[in-house]
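Here's the letter readout for the chains.
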Number of protein chains: 10
Amino acid sequence: MPRAELLETFPNPHPGRNYEIEMTCPEFTSLCPLGGIEGDASDLSLLKGGAPDFGVMTITYVPDKVCVELKSLKLYLWSYRNDEIFYERAVNRILDDLVASVAPRWMRVVGDFNTRGGIKSVITATAGTR
Amino acid sequence: MPRAELLETFPNPHPGRNYEIEMTCPEFTSLCPLGGIEGDASDLSLLKGGAPDFGVMTITYVPDKVCVELKSLKLYLWSYRNDEIFYERAVNRILDDLVASVAPRWMRVVGDFNTRGGIKSVITATAGTR
Amino acid sequence: MPRAELLETFPNPHPGRNYEIEMTCPEFTSLCPLGGIEGDASDLSLLKGGAPDFGVMTITYVPDKVCVELKSLKLYLWSYRNDEIFYERAVNRILDDLVASVAPRWMRVVGDFNTRGGIKSVITATAGTR
Amino acid sequence: MPRAELLETFPNPHPGRNYEIEMTCPEFTSLCPLGGIEGDASDLSLLKGGAPDFGVMTITYVPDKVCVELKSLKLYLWSYRNDEIFYERAVNRILDDLVASVAPRWMRVVGDFNTRGGIKSVITATAGTR
Amino acid sequence: MPRAELLETFPNPHPGRNYEIEMTCPEFTSLCPLGGIEGDASDLSLLKGGAPDFGVMTITYVPDKVCVELKSLKLYLWSYRNDEIFYERAVNRILDDLVASVAPRWMRVVGDFNTRGGIKSVITATAGTR
Amino acid sequence: MPRAELLETFPNPHPGRNYEIEMTCPEFTSLCPLGGIEGDASDLSLLKGGAPDFGVMTITYVPDKVCVELKSLKLYLWSYRNDEIFYERAVNRILDDLVASVAPRWMRVVGDFNTRGGIKSVITATAGTR
Amino acid sequence: MPRAELLETFPNPHPGRNYEIEMTCPEFTSLCPLGGIEGDASDLSLLKGGAPDFGVMTITYVPDKVCVELKSLKLYLWSYRNDEIFYERAVNRILDDLVASVAPRWMRVVGDFNTRGGIKSVITATAGTR
Amino acid sequence: MPRAELLETFPNPHPGRNYEIEMTCPEFTSLCPLGGIEGDASDLSLLKGGAPDFGVMTITYVPDKVCVELKSLKLYLWSYRNDEIFYERAVNRILDDLVASVAPRWMRVVGDFNTRGGIKSVITATAGTR
Amino acid sequence: MPRAELLETFPNPHPGRNYEIEMTCPEFTSLCPLGGIEGDASDLSLLKGGAPDFGVMTITYVPDKVCVELKSLKLYLWSYRNDEIFYERAVNRILDDLVASVAPRWMRVVGDFNTRGGIKSVITATAGTR
Amino acid sequence: MPRAELLETFPNPHPGRNYEIEMTCPEFTSLCPLGGIEGDASDLSLLKGGAPDFGVMTITYVPDKVCVELKSLKLYLWSYRNDEIFYERAVNRILDDLVASVAPRWMRVVGDFNTRGGIKSVITATAGTR
């Protein structure tokens, strides 16, 4: 289950300037919800649970007081590994969790998911204005 | 024959945010109209009907109350397989059917068709404004 | 259902030389067998039948007395459009049909199929020796 | 000599919507004017006339009442094959002929010509505003 | 934990011919062994266990009496998702399990793993001779 | 009509060494035979004659006493521009004409033709052994 | 030494339309100034003069009364071959010379130079507004 | 330790024009701070200090009175080689040092760093407005 | 100075099979020898020592009794960071050190170095036979 | 005029091993012979002499007692800049000069020249056997 409490921050080394940080995470994976019900599948056999989903998650933001710490972001994204969640919810939740933790001046999350059933999906959500 | 009734939706998990969903379907195929007359060719021998057309259909939208369900979209696009239809009409019809079903805040359909007679065609139709 | 009788040939314009002809057909499509039973699905509703498969079929050969006529090859490959057939059988059958029709000195058929269930398949079958 | 009378049209299937059609023709060829004099070289020996030019012609437009028929466009572009014409004139003439025939809401013609004398040329001409 | 019993086969449709089947699985994932001890981590919190590894697994073989069934291969590869295993052992084990199940005339497994610590690894193991 | 008499040669500057020359001509064009009858179409209206074919012609050889002069090769290939000829014959004829003119120790001609009817063709013919 | 007097023009065939011409010259070469002193090195041994520089020069403009003649542009750019000149000055000088000769409505010159000392440089200068 | 005093300039050869200079340095390397403490590691064994970071640094600017001298920029970037510094600080510091030295009308520094822990980072900082 | 004692190994998990391991290290860096004298530059100011070299080091081998441990290989390659060494010697030394440590059945080291003075170098050294 | 005396060597650091060195020089330029007469054009105006030729020269060899020194190779290749020479002769001469200077166990020179008159040429010459 996604664990927002894993996210850590450090002080923005140059808060007087509007600059942009883009982090691309090509190894995002979660599970497709089983029977359409989202939830934690970590204590279920994968083979009885939902099929794995894979994607590239790209997070771009203009920091304000703090920046997200890279290692904690990695651990936070790992916490989706055994979680059953729809694409649309995953992208919006990552944006919500990061906005709550980092309070950026602007942030965008793009989830570029692998083809399923012959259809490829890209979800883009943004918070704040530049 | 295209069957718009196949399209299904699910509630938008984050209606308070204007976010974008892009679905790319690289396996769209229909038939070129025989003698310029469009229609359902499913009960005709393909060899007497029109030649197959192939293309990549890319649908991008900002959802409002509902999102299109991916599996139903796949079935809807499959229903063009034995239909004789011109490029221009196919793209506009897919946009009309999806707008009727999903009522998005904004939607764009791009049909990128394979070369025919040495000419490649891309048709782009949009509904709503961003 | 595949119709080998559609294949036509023309006399090899240079039979005294071992030369190679390679034809790439990027628009091959058939249907995945429904319930594991292969057969002709042209009188079935697609939506009740098997899911569409797509691939690139590449045929390479050294002609002997005749060459395969391009337009007839196109029609022959179209005849798989509403046929339910496994990848392995499709490639071997195309090789068998072409060998029966063209009697080449050597021939290879490669079927490079789109990803299904996260797995991409390429089947390669050869007849004769170079 | 270019023959604008070859261009045919069909009624726009969706005139109520501003949508875009892009046609890419990668096999455009004409002749470089001999001695700087443009004209029809069809009754001249190629070897005494100008050298062949090759390019990719991309036509993008928003249709109004009619669309250009693809096969007639192909024949029209073929009619440049034995014509001696400069790059700049060819692109502007294709735009003029298509605007006269189709009367689009907006149209752009891009001629992307192969390298000659170590220099590659791209000519872009537009009619109307979007 | 890898479950070889999930692998299923179907009769080779053309056993009289030596032909090749290549299956590429770009979504292989397992866990890096924690403290160098390999084993099943499915009942452990991922965050306490090893870091995820990702790779592309390519299996190429010449079938003898049977072919591997695609869906069962997918499930078998999924069973590595929560398993802690080294690259070298994973590739050799997949080869051993498939050889035991399919008894091919020849088989090769290539594991192309994502960069770790600035180093990218590709492991190639083969059974039988062509 | 192809004019082999246009081909000119110059003495090989290093006949004591077996070295290789490869010339790639990406602007080859001829006409598809009208009604299956090959011949010279220069005095016919293109629009009544066959459709244009386009391809990349690659000539590789080990020279013996002479090398082919580049400009004369260009003119020779231009002489196919208004000729109606099948792919297979064009490649074999270019090889025959060049072998007659240059008498190389070894020569290969590859004609890589643009897609027609959804099928791409590559013809490879060789003379001599390396 | 650069010779602006080599540039020739011809009348714009369509002065009533604002259209764009882009010419890419991938074979630009000059010399790095020796000891920081720019000048003509044509009578110096190259090995005592500056090291060669290489780059791609792209010129884009909207013609007014005249267009630049392609062959004269080629000769003009060749005249930099034995000239010692800095990147920044070369790009601005080419723009100045072309503006003086062609008087375009708008013009941009981009010099994309090969890596020197591990650093790649691109200089972009523009005259007029679109 | 970064040494801004290494940066040298030369007079802008065309100060009357707003033109752009882009310099791409694909060989930037520094060290990851050890224990989160930034500083000079040149007298430490690398193996006890932080791990190396690698990236592409792209500097784009509109010069005012002076341009940055290329060789001095190379030496300045080399001075980061044994420095322990975070990505965010490195990009902002390079921008600060260059602005102090060159006083450009506008400048942007983009640091595109290699993947670490499965996450790729790109930092973009800008000074002035265009 | 390169420190071969950093290399560690682990037992080959499948010694009964000849399989191949390829490790690509795109972040190799060393220093160009100052005044042609190779040696350790770690206590010298970089700006007085040789210029940095960069390259991609690819190591391929068939293990016998042991495999090289990835993290120790990374540390070993880092130990070249402040060492002044020629390309040819670096590649041969890495091969010698690895052969001494791992005693593989076969090993190849390829050093693909970045362009210096407009010339790119690739050095390939092999030990043993396959 | 090419100056073979510029080539310098250094002792092979590992003469006991057959290893390969490949040097790619993407900035080779010479002049096309004027009126078919080869020679030194350095005291002629370029505009009266032959047109510039450009190409990529790739030299691969197995060293015996000595290796070619990179900087001297660069100067040697620069000495072709104002020389009028045919492609075939340039490649064979570079091979002859290097073999005379380095006496390698095996050497290959590949000259990959830019398109001229719509035809691209690649010349490959080899000395010795591997």
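Because the structure is predicted, anything quoted here is derived from the model rather than measured.

Quick look at the packing of aromatic side chains
So, step 1. Applying the stated rule across the entire model yields 45 aromatic pairs over all chains.
So, step 2. Relative to Phe10 of chain J, the ring of Phe86 of chain I has its centre 6.0 Å away and its plane inclined at 20°; by these criteria the two rings are stacked. Note that Phe86 of chain I is positioned in the loop between strand 6 (83-84) and helix 2 (87-102) and Phe10 of chain J in strand 1 (residues 9-11), a pairing that runs across two chains.
So, step 3. Phe86 of chain I gets classed as partly exposed once you look at its relative accessible area, which sits at 34%.
So, step 4. An aromatic cluster is present here, built from Phe28, Tyr76 and Tyr80 of chain A joined pairwise through their rings.
So, step 5. Sitting above the plane of the Trp106 of chain C ring, Arg130 of chain C keeps its charged end 4.3 Å from the centroid.

A word on unusual backbone geometry
Apart from glycine, the bulk of residues carry a negative phi angle, and the bulk of peptide bonds sit in the trans form.
So, step 1. Of note in this structure, Ala103 of chain A is not a glycine but carries a positive phi near 45°.
So, step 2. Relative to the helices and strands, Ala103 of chain A is located in the loop between helix 2 (87-102) and strand 7 (106-116).

Let's talk about the pairing of strand 7 (residues 106-116) of chain F
Residue and element names in this part refer to chain F.
So, step 1. Judged from the 8 bridges that link them, strand 4 (residues 52-62) and strand 7 form a sheet pairing that is antiparallel. Paired with Thr60 across the two strands is Arg108, which belongs to strand 7.
So, step 2. Pairing between strand 7 and strand 8 (residues 119-127): 8 bridges, direction antiparallel. By the bridge assignment, Arg108 is partnered in strand 8 with Thr126.
So, step 3. Here strand 7 folds back onto strand 8 in antiparallel fashion, the turn holding 2 residues, of which Gly117 has a positive phi close to 60°.

Examining the environment of Cys32 of chain B
Residue and element names in this part refer to chain B.
So, step 1. If you trace the backbone, Cys32 turns up in the loop between strand 2 (20-31) and strand 3 (39-40).
So, step 2. Considering only alpha carbons, one finds Cys32 and Pro52, 20 residues apart in sequence, at a separation of 6.0 Å.
So, step 3. Setting aside anything within four residues of it in sequence, one finds Cys32 in contact with Gly50, Ala51, Asp53 and Glu84.

Structural notes on the packing of helix 1 (residues 70-78) of chain A against helix 2 of chain A
All names here are of chain A.
So, step 1. Contact geometry of helix 1 with helix 2 gives a least axis separation of 12 Å together with a crossing angle of 145°. In the crossing of helix 1 with helix 2, the sense of the turn from one axis to the other is right-handed. Across the interface between the two elements, Leu73, Tyr76 and Leu77 of helix 1 pack against Arg93, Ile94, Asp97 and Leu98 of helix 2.
So, step 2. Along the lines of polarity and charge, the residues of the contact of helix 1 with helix 2 split into 5 nonpolar, no polar and 2 charged.

Some details on the pattern of salt bridges
So, step 1. Throughout the structure, instances matching the rule amount to 80 salt bridges over all chains.
So, step 2. As a salt-bridge pair, Arg3 of chain H and Glu5 of chain H come within 3.0 Å of each other at their nearest N and O atoms.
So, step 3. Accessibility expressed as a relative area gives 30% for Arg3 of chain H, which makes it partly exposed.
So, step 4. Via salt bridges that share partners, Glu27 of chain A together with Asp53 and Arg116 of chain E belong to a single interconnected network.

Examining the environment of Met23 of chain H
So, step 1. Looking at the element boundaries, Met23 of chain H is found in strand 2 (residues 20-31).
So, step 2. With 36 residues separating them along the chain, Met23 of chain H and Ile59 of chain H place their C-alpha atoms 5.2 Å apart.
So, step 3. Excluding its chain neighbours within four sequence positions, the residues that come into contact with Met23 of chain H are Ile119, Lys120 and Ser121 of chain G together with Met57, Thr58, Ile59, Tyr61, Val68, Leu70 and Leu73 of chain H.

Regarding helix 2 (residues 87-102) of chain H
So, step 1. Here helix 2 of chain H is 16 residues long and its end C-alpha atoms lie 22 Å apart, about the 22 Å a rise of 1.5 Å per residue gives.
So, step 2. Just beyond helix 2 of chain H, the residue with positive phi is Ala103 of chain H, at close to 45°.

Some remarks on the side chain of Glu88 of chain J
So, step 1. Tracing the backbone through its elements, the reader meets Glu88 of chain J in helix 2 (residues 87-102).
So, step 2. Buried charge without a salt bridge: Glu88 of chain J, with Arg89 of chain J as the nearest opposite-charge side chain at an N-O distance of 8.3 Å.
So, step 3. Those residues in contact with Glu88 of chain J that lie beyond four places of it in its chain are Phe10, Pro13, Tyr19, Ile21 and Cys67 of chain F together with Ile123 of chain J.

Looking at the confidence of the model for chain A
So, step 1. For chain A, mean pLDDT is 90; residues scoring 70 or higher make up 88% of the total.
So, step 2. At the level of chain-chain contacts, confidence expressed as ipTM amounts to 0.89, with global pTM at 0.92.

About the criteria used
Residues numbered from 1 in each chain as written. Chains lettered and ligands numbered in written order. Predicted model: local features only at pLDDT ≥ 70, side-chain atom pairs only at ≥ 80, totals over all residues. Heavy atoms only, no water. Phe/Tyr/Trp six-rings, centres within 6.5 Å; stacked < 30°, edge-to-face > 60°. Helix = DSSP H or I, 4+ residues; strand = E, 2+ residues; numbered from the N terminus. Buried < 20%, exposed > 50% of the residue type's maximum accessible area, 1.4 Å probe, protein only. Lys NZ or Arg CZ within 6 Å of the ring centre and 35° of its normal. Pairing = 2+ DSSP bridges. Contact = heavy atoms within 4.5 Å. Axes fitted to C-alpha atoms, helices over the stretch in contact; angles between N-to-C directions. Left-handed = near helix turned anticlockwise from the far one by under 90°. Nonpolar A, V, L, I, M, F, W, Y, C, P; charged D, E, K, R; others polar. Salt bridge = Lys/Arg side-chain N within 4 Å of Asp/Glu carboxyl O. Expected span 1.5 Å × (residues − 1). Lys, Arg positive; Asp, Glu negative; His and termini not counted. pLDDT = per-residue confidence, 0-100.

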